[in-house]
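Fold and contact review
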Amino acid sequence: MIKFYEDKIREKFERIKKEYVEPYEVDIDIERGATLYSKDNIELDNNFSMFITPHIDKGKILYKQPRKSIPKNGNPEEYHELVFDKEGKLHHMILDLGTAGFISETFFNAKNAKYVSFFVSDNLRIDCMLRIDDKGKIFKNWNEFEWSEYDEEGRLISVELFKDDSFFSGGFKVDAEYYEYTDGVLSCIDQYKDFSSDLPAKISQFAFSMMPDRIYNPNFIEYTFEKDGNNINCTKNYFFRKSQTITHNITIKEDELIKMKEYGIYLI
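To keep things clear, this report deals only with the structure shown in the data block. (Residues numbered from 1 in each chain as written. Predicted model: local features only at pLDDT ≥ 70, side-chain atom pairs only at ≥ 80, totals over all residues. Heavy atoms only, no water.)

The next thing to look at is the pairing of strand β6 (residues 138–150). In this sheet, β6 lies alongside strand β5 (residues 124–133) in antiparallel orientation, the contact comprising nine bridges. Bridge pairing links I132 to I138 in β6. Bridge count between β6 and strand β7 (residues 156–165): seven bridges; the pairing is antiparallel. Bridge assignment links Y150 to a residue of β7, and that residue is L156. Here β6 folds back onto β7, and the loop between the two strands holds five residues, one of which, G154, carries a positive phi near 85 degrees. (Pairing = 2+ DSSP bridges. Helix = DSSP H or I, 4+ residues; strand = E, 2+ residues; numbered from the N terminus.)

As structure tokens, this is what we get:
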């Protein structure tokens, strides 16, 4: 088991935010190489999120191939615009939100709002809310950023999604997954969800009054895998309370395992 250390996650958040997120200069008007479209995938936090567990939970790969255009009868509000640079690398994914909203109009004179995911590197994706005024001036605030790390063989070993929670609690929230491999294949996932860096004391007191042995902040879920013929059986243990573990079994078929491997999820 890969443990979740609160002090280390705080240090990592501050370091990445200071070194990469805050200094990042957004640019949605780059010289384009190609433009494609991707329908909003409600099964994923982001259409290009690196988290593995959503695919495991469904027993299939959830990524969808982008389209050259929005279908004739498609709703444009349900599609993200994918902007590639001249070298063919995905630069950002943009969703036009239309009007900026009362607060943005009042304080920033903004007339338009866009939600944009910037793919900064193989390690970092930054999601921002952009508010644009009549003169094209952009007001930016980041909503969340996803940080991924890899081993020497190029296998994914961790994904951490940091969400800005400064408006409500003054801190941040984190969902994280850590991956272990045996003989080159995925053998265990330790998932930590809904960690709040500044959880109000009253919420903690209420939770413990209802369930004194509740395990939370973060919630901990463990996935383990074993081969069953050409398929893979997954055991998902949700450590809900010290006295209660909720177990769910998932079978992933061979054809889906092959697809997952093509996307870097090595279960075979």
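Of the residues making up helix α5 (residues 254–262), those classed as buried are E256, L257 and M260. The buried residues of α5 occupy an angular sector of 105 degrees when projected down its axis, which confines them to one face. Considering only its buried residues, α5 is in contact with α2 (53–58), β11 (231–241) and β12 (244–252). Within two residues after α5, G264 carries a phi angle of roughly 85 degrees, on the positive side. (Buried < 20%, exposed > 50% of the residue type's maximum accessible area, 1.4 Å probe, protein only. Arc of directions from axis to C-beta. Contact = heavy atoms within 4.5 Å.)

This next bit is on the nonpolar core. One recurring pattern in soluble globular proteins: nonpolar side chains tend to sit buried together. Ranked by internal contacts, the top residues of the largest apolar core, which has 26 residues, are I9, F118, I126, W142, F145, F162 and V174. Elements with a contribution of two residues or more to this core: α1 (6–21), β4 (110–119), β5, β6, β8 (171–182) and β9 (185–196). The biggest single contributor to this core is β5, with five residues. Dropping the residues within four chain positions of it, F162 is found in contact with I9, K12, F13, W142, N143, E144, F145, W147, F172, K173 and V174. If you look at the next biggest cluster of nonpolar residues, it comprises 25 residues, including F51, L62, Y181 and L186. (Core = buried A, V, L, I, M, F, W, Y, C linked by side-chain atoms within 4.5 Å.)

Function cannot be inferred from these measures alone, as they are strictly geometric.
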